[in-house]
Amino acid sequence: MLHLLASSTIWYQTLQAATSLLLVTLGLYLPYRAGVLNLGGEGIMLAACFGAVLAEDKTGGGALAGTLAGAVSGILIAALFALLTVGLGANGLVVGLALNFATAGGTAVATTALYGISGAISTPNLRTLPTWHLPGFGRLPWIAQVVSGQTPLTYLSWAAAAAVAWYLHHTRAGLTIRAAGTRPDVVAGAGRSVTRVQWLCLTAGGALIGLGAAQLALSSVAQFSYNMTAGRGFVALALTLIAGTRSLLLVPLAIAFALFDIYGVNLQSAGLPAELSSVVPYAAVVVLLVLTRLLRRPGRGPGEPHPRASIAIAGAGQVTGDSLEEAGRP
Amino acid sequence: MTSIGATLTALTPILLIGLGAFVAFRGGAFDVGQVGQFELGGLAAGAIAAAVPGPGWVILLVSLAGGAALGALWSLLVSELSQRFAVELVVLSLIANYLADGVARLATKTLFQDPAQFSVIATRLAPARAWLPLLTFQTSLNAGIFIAVAAAAAVWWLVRRTTFGHRVTMFGANPVAAALSGTDPAGFRRRLLALTGSVCGLAGAVEVLGVFHQYQDGALGGTNSLAWSGLTAALVAGSSVIALLPASVLLACMTTGFAGIQLDLGIDPGLGILLQGLIILTAAFAGRRPGHDTGR
């Protein structure tokens, strides 16, 4: 059972799966820090998987077209979510649920309408994403097999994780985003629009989710299948809550949960029931969600006012408003 | 006649789940874990009905009670974790749905698997004397519909006529005022979600004892689960028990209607799920928030 952990194949597949999860998690993390709980992530991801596969098949533009289409579909659906919730003030949790159903049903209907078969799209036009062999890794046997030869999106996801963490914590715009999540009244008082910040975070996040979807649909096997995201959007949302204010935690979290997934599928060869694979990852999410909340620094999460902030600007106004409620806390 | 029977068969779990979700929303808990409670209730009923000896009505009652109990237990567990560790209930209950699905599959396979079946993960068939009696010959319409209708009446009475129902309404409308009026919020939340979990668990038990006569992996859960239709009905019904009835009937008609359309016209059954999404979207705009706090 443990020998599996030494296998470079397992770790290669883990990083491959972690890429998709990490990109989607980053895409949900940005709006989370701006005070919006994007429950529609699962739906955005599924629609982007479909968009990526459809574009690659119909345009013949290869994996590049698929990847771009994934990002664009992600942006479009995320913008729809932003329009309905931030723009028109509908309940974000309900809109998120609705989007998940609408995309699950919509992609199924479109699959049947366009391809005449229900279930999966898998055509000869579909090519997987190219893989990059990193120079200089040839001499490190195990590492080279794991880290080198991934899709460009893998390396992009690591860069994106670092960029998001740096942007949020070391730039003025990042400060505005974090303030929009914790003290929207202060952001408004400083003459900036909370709505605009949330719009930008949601749509930029949509692009990241779309890239994650492209990785899922086009990395190991290039195909679209019914409900292929299988709850990854919700797991990603849980990971953003687990990370809380610690942005860089997203990378090890995504890799850990991808490992649970891949390891679970391989448990069967170790003589354990295969059904464990549908328990272990979700149980781990719940356990970590509970544990990290236990260890959390109080008053630092989006949607909950900083303990000292209310003293500093006492009388600046009641902290209410949709952004707080969308962040999921009363 | 067949189609009416099929629609009423689908209405049974939709109405029961709708009632459970309705009470949770009304009490200010945005719980979306109905699918998991539904599945585990079905698993408990399937496992008990296949194992317990005795006359049919005893098996039936014990299995229904077992289903309700496991649904309540699961709901209570999720709600306690959410309350105690300040995790958003909506996220935790969504993840819990996947976890419940996996747990039910694992438990069925390792503990309750019918040795005669190789291709499906399912419990042994319940003895025929413990089945909920069929009402028509052509469809699986069974006495479960009476349970659902009785539960609807009970929920109406609970919400409109009892102290607990008044607290539900108060906590949904203004949790601060409700807590100040002397009700312990944590204790209330526990009772509320145990109640709604038991109704959803009962729905699973009724579905197993009335339709499938065994717990089958994948029969109750998934994206196509009738529990999601029940949740949709509760979201559409807003704050009125009475409105839940037509909403449930509409969603039951959609379920059976799209099964027919799929056969006749070759349109993907996903159309039903797409429309369900659009219906939920209208609920998001209806101005009625399902519960005062939207997260925990």
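Cut-offs used in this document
Residues numbered from 1 in each chain as written. Chains lettered and ligands numbered in written order. Predicted model: local features only at pLDDT ≥ 70, side-chain atom pairs only at ≥ 80, totals over all residues. Heavy atoms only, no water. Helix = DSSP H or I, 4+ residues; strand = E, 2+ residues; numbered from the N terminus. Buried < 20%, exposed > 50% of the residue type's maximum accessible area, 1.4 Å probe, protein only. Contact = heavy atoms within 4.5 Å. Buried area = accessible area lost by both parts, 1.4 Å probe. Salt bridge = Lys/Arg side-chain N within 4 Å of Asp/Glu carboxyl O. Nonpolar A, V, L, I, M, F, W, Y, C, P; charged D, E, K, R; others polar. Phe/Tyr/Trp six-rings, centres within 6.5 Å; stacked < 30°, edge-to-face > 60°.

Colleague: Teacher, can you tell me more about the overall build of chain B here?
Modeller: Across its full length, chain B carries eleven helices and zero strands. Going residue by residue from the N terminus, the α and β elements of chain B occur as α-α-α-α-α-α-α-α-α-α-α. With the C-alpha coordinates of chain B rotated into their principal frame, the extents come out at 55 × 45 × 35 Å. Considering chain B as a whole, with its 296 residues, one finds that 57% of them fall into the buried category. In chain B, 75% of the contacts between residues at least 6 apart in sequence involve partners at least 24 apart.

Colleague: Please clarify how the interface of chain A and chain B should be interpreted in this entry.
Modeller: One frequent convention defines the size of an interface as the accessible area lost when the parts assemble. Each side of the interface is counted separately: chain A has 51 residues, and chain B has 46 residues. For the chain A and chain B pair, buried surface summed over both sides reaches about 4200 Å², with 76% attributable to carbon and sulfur atoms. Linking chain A with chain B are zero salt bridges. Only α4 (92-115), α10 (232-243), α12 (280-295) and α14 (322-326) of chain A provide two or more residues apiece to the side of chain A that touches chain B. Looking at the side of chain A that touches chain B element by element, the count peaks at 13 residues for α4(A). Class assignment of the residues belonging to the side of chain A that touches chain B gives a composition of 34 nonpolar, ten polar and seven charged.

Colleague: Please explain the packing of aromatic side chains as it appears in this structure.
Modeller: The way to describe two aromatic rings as a pair is by their centre distance and the angle between their planes. Applying the stated criterion to the full structure yields eleven aromatic pairs over all chains. For the pair B:F164 and B:F188, a centre-to-centre distance of 5.8 Å together with 40° between the ring planes defines the contact as tilted. Of this pair, B:F164 sits in helix α6 (residues 163-173) while B:F188 is found in helix α8 (residues 185-212), placing the two residues 24 residues apart along the sequence. Residue B:F164 shares its accessibility class with B:F188, and that shared class is buried. Centre to centre, the rings of B:F171 and B:F188 are 4.1 Å apart; their planes meet at 10°, and the pair counts as stacked. With B:F171 in helix α6 and B:F188 in helix α8, this pair connects stretches of sequence that are 17 residues apart. Accessibility expressed as a relative area gives 7% for B:F171, which makes it buried. You can call B:F188 buried: its relative accessible area is 1%. Linked through ring pairs, A:W132, A:Y155 and A:W158 together constitute an aromatic cluster.

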